[in-house]
Amino acid sequence: MSIFVPQLDFTAAPTVFEALRSRARIRIIKGPFGSGKTIGMCAAVLMHALEQIPNPDGVRPFKATIVRNTKPELRSTTIDSWQSVYPEERVGSRVTFGSPMQQRIVSRPREFEWVRPPRFEKQDTEHGVVTVCADAGAYRGQPGLDLHVEFLGLDDRTDVKKLLSQQTSLFYFNELSEIVKVIFDAADLRHGRYPSIEQGGVPCTWSGMLADTNEPDDTHWLHDFEAATDNDPDVSVLTQPPALFDSTADEPGSFRHGDKYYRLNRQAENLVHLPAGYYTQRLSGKDPDWISRYLQVKRVFLQDGRPCVPGFDQQRMVDGFGLIDAPLLFGWDIGSGTLHPACVIAQQHPRGPLLIHAGISGDGIGLDNLTYLVHQVGAQLFGDRWNGLLDDAEGWGDPAGQSKDEIFEQVGFDFLRSRGLPAREAPTQDPRLRVECIQDLTQKVFDGRPGIIVNKRCTHLIAGLAGRWYYRTQQVSGETIHQQQPMKNEFSHECDALGYLILGAGGFRRLQGREAFARHRGQVYNDRVEVDPFGVLT
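Since the model is a prediction, treat every value here as computed from it, not as a measurement. (Residues numbered from 1 in each chain as written. Predicted model: local features only at pLDDT ≥ 70, side-chain atom pairs only at ≥ 80, totals over all residues. Heavy atoms only, no water.)

Undergrad: Hey, could you run me through the nonpolar core in this one?
TA: A general tendency of soluble globular proteins is for nonpolar side chains to be buried together. Counting residues in hydrophobic clusters, the biggest one holds 37 residues, and the most contacted among them are L354, I356, V454, L465 and L498. Looking at this core, the elements with two or more residues in it are β19 (342-348), β20 (354-361), α13 (431-442), β25 (452-455), α14 (459-468) and α15 (492-512). Sort the elements by how many residues they give to this core and α15 lands first, with ten residues. Contact partners of V454, with chain neighbours within four places excluded, come to F312, M317, V318, D319, F321, I356, L461, I462 and L465. By size, the runner-up hydrophobic cluster in this structure holds 35 residues, among which are L46, A49, L74 and I79. (Core = buried A, V, L, I, M, F, W, Y, C linked by side-chain atoms within 4.5 Å. Buried < 20%, exposed > 50% of the residue type's maximum accessible area, 1.4 Å probe, protein only. Helix = DSSP H or I, 4+ residues; strand = E, 2+ residues; numbered from the N terminus. Contact = heavy atoms within 4.5 Å.)

Shown next, in the form of structure tokens:
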């Protein structure tokens, strides 16, 4: 049986075609749904397999490991796309859904004969001793192919362990935004191991990693990776144009969806291969954040699970702004002996909204290093005015900050004040009230502006408020139960700091007259109940 080579035309998807032409070891395509990126990466697998130098028997041995974050998504989307490119009836084999899920695409050599066998030699390079092809040789006839494709979902530790022990030619990560960086980094050391002189009689001709993804949110590791490898010839990160643009009611070609107007980008890739109205008539039930991420290639976090602050709207409550003529307000999540402290810096606008200038936190940095970061960020944001602004500033934090730190044997708030930063205990440590007071501000409107506006630079805080600060769910007797306290994770600390700030700056007083306060009246609170210093939160 001759080798089936799909006839695919990427004229309408120039970014995909550029990725196929690239020789970079790592190639990543970001783009909207329907843009042809997955089909392109599937095509690249066979393209590289056909570049493999044949072994002494005239067969090109090659292995591709295709990875998705879960097996159900691997089955329903990734393998479905793969089979659309390589139909079973054309390649002569089918995907087997055992363990592992795999397919073997094989063709025999036809009248193959080496005229001059390839020659390989070992060279001592800056990367160590490597086997290189000194002469690709020459042959008559058509080589055969033995393409082994393994489909791997990362549902549990066994799957991850299997990935970390792969002997493969290339990896293809479908939906890279759902893959953690430690897996991606480890995979980069596992490709190029098949074939080898010992396994098949020839070394791997080309090895590397392919990936496609929708635009990840601001906190994803891919953005730092892209910036760090911007000038690295071994890495190519390509972004396709959006499918839709934001628009206005009077702009030609615009259409309304919900409260927003959009228009089709006529330069979007792969349009000629999509059904009519694919991007303009299939938006029912899709909110603006979903459209922003999956169709407009924007960095927007989508809620997953039950968020702590369901009223937070990234489209309305994230903006850019500068310093106003009002005192600085600080929120602290420090606890006793914690190595995950956080700080939020804000101002109360005289006309109502709480403006969040900065969220500052770190993993394993301790309170001492946090104060250094706070001063550093403050000086960067406010320049020479920073020290003067601290004179009139107010700050509130976790009441546990009144206890001595287990490491430094010093009261947390005393330590902050010794570093010139305002801090005193918030009225309560109750996590439910911290959540309640933030949610309450999201429901406020002042002169058409929301009650809380977060500066777009606060990526961790925005991600937390948008859903990564959440209530974990559990299955109990077949029912979904939400835990009573928010999940503690890398996004929760700045959210907690914000909650302490709002409680101290008047939010606790506002809750006193509400049913929410009545639900918690059995709690014991600190004697000091802060008043609203600006008279606008009550």
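Having seen the model, we can carry on.
Undergrad: Looking at this model, I keep getting lost on the pattern of salt bridges. Mind explaining?
TA: Between side chains of opposite charge, pairing is possible as soon as their charged atoms come close. Per the counting criterion, the structure on display carries 30 salt bridges. Among the salt bridges present, the one from D319 reaches R449, with a minimum N-O distance of 3.5 Å. Of this pair, D319 sits in strand β17 (residues 318-319) while R449 sits in strand β24 (residues 449-450), and the two are 130 residues apart along the sequence. The exposure class of R449 is partly exposed, given its relative accessible area of 36%. (Salt bridge = Lys/Arg side-chain N within 4 Å of Asp/Glu carboxyl O.)

Undergrad: Would you mind showing me how to read the side chain of Q348 here?
TA: Within the secondary structure layout, Q348 lies in strand β19. In this structure Q348 comes out as buried when scored by relative accessible area, which is 2%. Of note is the side chain of Q348, whose polar atom sits 2.6 Å from the backbone oxygen of G352. (Polar contact = N/O pair within 3.5 Å; in protein donor to acceptor, adjacent residues only side chain to side chain.)

Undergrad: So what exactly am I meant to see when it comes to the sheet that holds strand β15 (residues 260-264) here?
TA: What holds strands together in a sheet is hydrogen bonding between their backbones, with the strands either parallel or antiparallel. Strand order in the open sheet formed by three strands is β13-β15-β14, with antiparallel pairing between adjacent strands. Two strands in the sheet have a free side with no partner beyond their single neighbour: β13 (244-247) and β14 (254-257). In this sheet, adjacent strand axes meet at a mean angle of 40° when their direction is disregarded. In this sheet, β15 lies alongside β13 in antiparallel orientation, the contact comprising four bridges. Within β15, the residue paired with S247 across the bridge is Y261. (Pairing = 2+ DSSP bridges. Axes fitted to C-alpha atoms, helices over the stretch in contact; angles between N-to-C directions.)

Undergrad: Help me understand the packing of aromatic side chains, please; the structure alone is not making it clear to me.
TA: By convention here, two paired aromatic rings are described through the distance between centres and the angle between planes. For the structure on display, the rule yields 18 aromatic pairs. Seen from their ring centres, F330 and W332 are 5.9 Å apart, and the 10° between their planes marks the pair as stacked. In terms of burial, F330 and W332 fall into one category: buried. A ring pair is formed by F382 and W386, whose centres lie 6.1 Å apart and whose planes are at 15°; its orientation type is stacked. For F382, a relative accessible area of 9% corresponds to the buried category. Relative accessible area serves as the criterion here: at 3%, W386 is assigned to the buried category. Taken together through their ring pairs, the aromatic side chains of F171, F173, F184, W221 and F225 make up a single cluster. Sitting over the ring of Y471, R306 keeps its end group 4.7 Å from the ring centre. (Phe/Tyr/Trp six-rings, centres within 6.5 Å; stacked < 30°, edge-to-face > 60°. Lys NZ or Arg CZ within 6 Å of the ring centre and 35° of its normal.)

Undergrad: Looking at this structure, I do not really get the sheet that holds β17. What am I missing?
TA: Overall, mixed pairing links the seven strands, which are arranged β17-β25-β20-β19-β18-β21-β22 in an open sheet. Both outer strands of the open sheet, β17 and β22 (424-425), are each paired with one neighbouring strand and no more. The sheet contact formed by strand β18 (residues 328-333) and strand β21 (residues 394-397) spans four bridges and is parallel. The residue bridging G331 from the neighbouring strand is W396, located in β21. Seen against the sheet, α14 touches β17, β20 and β25 and runs at an angle of roughly 140° to β25. Those strands touched by α15 are β18, β19, β20, β21 and β25, and its axis lies near 130° from that of β18.

Undergrad: Would you explain the packing of helix α2 (residues 37-49) against helix α3 (residues 71-85) in this entry?
TA: Two quantities define a packed helix pair, namely the angle between the helix axes and the distance between the axes. Axis separation between α2 and α3 bottoms out at 9 Å; the angle between their running directions is 65°. For the pair α2 and α3, the sense of crossing is right-handed. Packed against α2, whose contacting residues are T38, I39, C42 and V45, the element α3 presents S81, W82, S84 and V85 at the interface. Of the residues assigned to the contact of α2 with α3, the class counts are five nonpolar, three polar and no charged. (Left-handed = near helix turned anticlockwise from the far one by under 90°. Nonpolar A, V, L, I, M, F, W, Y, C, P; charged D, E, K, R; others polar.)

Undergrad: Explain helix α1 (residues 14-21) here, please?
TA: Each α-helix turn comprises 3.6 residues. Residues three or four places apart therefore point the same way. Within α1 the residues assigned to the buried category are T15, V16, A19 and L20. The buried residues of α1 occupy an angular sector of 145° when projected down its axis, which confines them to one face. Buried residues along α1 sit against β1 (26-30), α2 and β12 (235-239). (Arc of directions from axis to C-beta.)

Undergrad: Looking at this structure, how should I read the side chain of S22?
TA: Its location among the elements puts S22 in the loop between α1 and β1. Those residues in contact with S22, other than ones at most four positions away along the chain, are R27 and S236.

Undergrad: How should helix α7 (residues 221-228) be read in this particular structure?
TA: Buried residues of α7: W221, L222, H223 and F225, and no others. Packed against the buried residues of α7 are β1, α6 (181-187), β11 (208-213) and β12.

Undergrad: When you look at the pairing of β1 in this model, what are you seeing that I'm missing?
TA: For β1, the tally of buried residues reaches five of five residues, placing the bulk of the element in the interior. Burial of β1 is two-sided: the residues I26, I28 and K30 facing one way and the residues R27 and I29 facing the other way are all buried. In terms of strand pairing, β1 meets β12 through five bridges, oriented parallel. In the strand pairing of β12, K30 is matched with T239. As paired strands, β1 and β11 are joined by five bridges and run parallel to one another. Each residue of the ladder has a partner; that of I28, found in β11, is A211.

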